[in-house]
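Read off the chains here:
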Amino acid sequence: MKRLVLPLVLAAGLGLSACASLAPYGAQMGPNGQGYSEQRIESNRFRVTYNGVGAPGPVADYALLRAAELTTAEGYDWFEVTQRWTDGRPDSAGGMRPSVGVSYGGGRYSSPYGRYSSSGVGVGVGLNFSGPSPTSTSLEVVMGRGQRPDRPEAYDARGVRDALRR
């Protein structure tokens, strides 16, 4: 039993050290870094991108947060998402998620020396040590002043900013 403890502790340590997480909210540093970036398309139209690591949900929230901050900074009251791109899988949170497989088999055979039968059971455990996957969300937004349009993709910038700011 003591022989199993050290390999299990080492495997757990490696798995935890391989886990990355979403960096604190902020501007993107470097071409492969986490964070937000934006590009002006027209005077009231921007493309906002947030690059992160892990599940797409928090990354999408940060993209909405940046769109809301940018909207208020530009002097507008609301924004509407006209296009949305998400790169990442719902299971991209990564980490050390074990998978277990069980198999069994058996057989019978005859030889000049008699009849024999055999059976066996196997159990395997797999661990993902690669860590979370990169993911990104890009939003194309149009900004406006006054009353927010009554459409599902139109957001009150101050309300989104206050709800998502951490």
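In this report, the structure presented in the accompanying data block is examined. (Residues numbered from 1 in each chain as written. Predicted model: local features only at pLDDT ≥ 70, side-chain atom pairs only at ≥ 80, totals over all residues. Heavy atoms only, no water.)

## Some points on the pairing of strand β2 (residues 45–53)
Note that strand β1 (residues 35–42) and β2 share seven bridges and pair antiparallel. Its bridge partner lying in β2, arginine 40 is registered against phenylalanine 46. Between β1 and β2, which pair antiparallel one after the other, the connecting turn spans two residues. In this sheet, strand β6 (residues 134–144) lies alongside β2 in antiparallel orientation, the contact comprising nine bridges. Paired with phenylalanine 46 across the bridge in β6 is valine 141. (Pairing = 2+ DSSP bridges. Helix = DSSP H or I, 4+ residues; strand = E, 2+ residues; numbered from the N terminus.)

## Concerning the sheet that holds β2
As summarised here, the arrangement of the five strands in space is β1-β2-β6-β3-β7, forming an open sheet in which the pairing is antiparallel. The outermost strands of the open sheet, each flanked by one partner alone, are β1 and β7 (154–156). Direction aside, the axes of adjacent strands within the sheet are offset by 30 degrees on average. For strand β3 (residues 78–87) and β6, the ladder comprises nine bridges, and the chain directions are antiparallel. Its bridge partner lying in β6, arginine 84 is registered against leucine 139. Sitting on the sheet, helix α2 (residues 56–73) touches β1, β2, β3, β6 and β7, and the angle it makes with β6 is about 30 degrees. (Axes fitted to C-alpha atoms, helices over the stretch in contact; angles between N-to-C directions. Contact = heavy atoms within 4.5 Å.)

## Examining helix α3 (residues 157–164)
Of all the residues in α3, the buried ones are Ala157, Val160, Arg161 and Leu164. Taken around the axis of α3, the buried residues stretch over an arc of 100 degrees, which confines them to a single face. In α3, the exposed positions that point more than 90 degrees away from the buried face belong to Asp162 and Ala163. Against α2, β3 and β7 lie the buried residues of α3. (Buried < 20%, exposed > 50% of the residue type's maximum accessible area, 1.4 Å probe, protein only. Arc of directions from axis to C-beta.)

## Here's the deal with the environment of glutamine 28
Locating glutamine 28 in the fold gives a position in the loop between α1 (2–18) and β1. Remark: the alpha-carbon pair of glutamine 28 and glutamate 38, spanning ten residues in sequence, is separated by 9.8 Å. Apart from residues no more than four positions distant in its own chain, glutamine 28 is found in contact with Gly33, Gln34, Gly35, Tyr36, Ser37 and Asn51. Of note is the side chain of glutamine 28, whose polar atom sits 3.3 Å from the backbone oxygen of proline 31. Engagement of the side chain of glutamine 28 in a polar contact is seen with the side chain of asparagine 51, the distance being 3.2 Å. (Polar contact = N/O pair within 3.5 Å; in protein donor to acceptor, adjacent residues only side chain to side chain.)

## Brief notes about the side chain of glutamate 140
Tracing the chain through its elements places glutamate 140 in strand β6. In this structure the side chain of glutamate 140 is engaged in a polar contact, spanning 2.9 Å, whose partner is the side chain of arginine 45.

## Overview of the pattern of salt bridges
Under the definition given, this model contains eleven salt bridges. As a salt-bridge pair, glutamate 69 and arginine 66 come within 3.3 Å of each other at their nearest N and O atoms. In this pair, glutamate 69 and arginine 66 both sit in helix α2, three residues apart, roughly one turn of the helix. Neither glutamate 69 nor arginine 66 differs from the other in exposure class; each is buried. With a closest N to O distance of 2.5 Å, glutamate 153 and arginine 84 form a salt bridge. Placement of glutamate 153 in the loop between β6 and β7 and of arginine 84 in strand β3 is noted, with a sequence separation of 69 residues between them. Glutamate 153 gets classed as partly exposed once you look at its relative accessible area, which sits at 30%. (Salt bridge = Lys/Arg side-chain N within 4 Å of Asp/Glu carboxyl O.)

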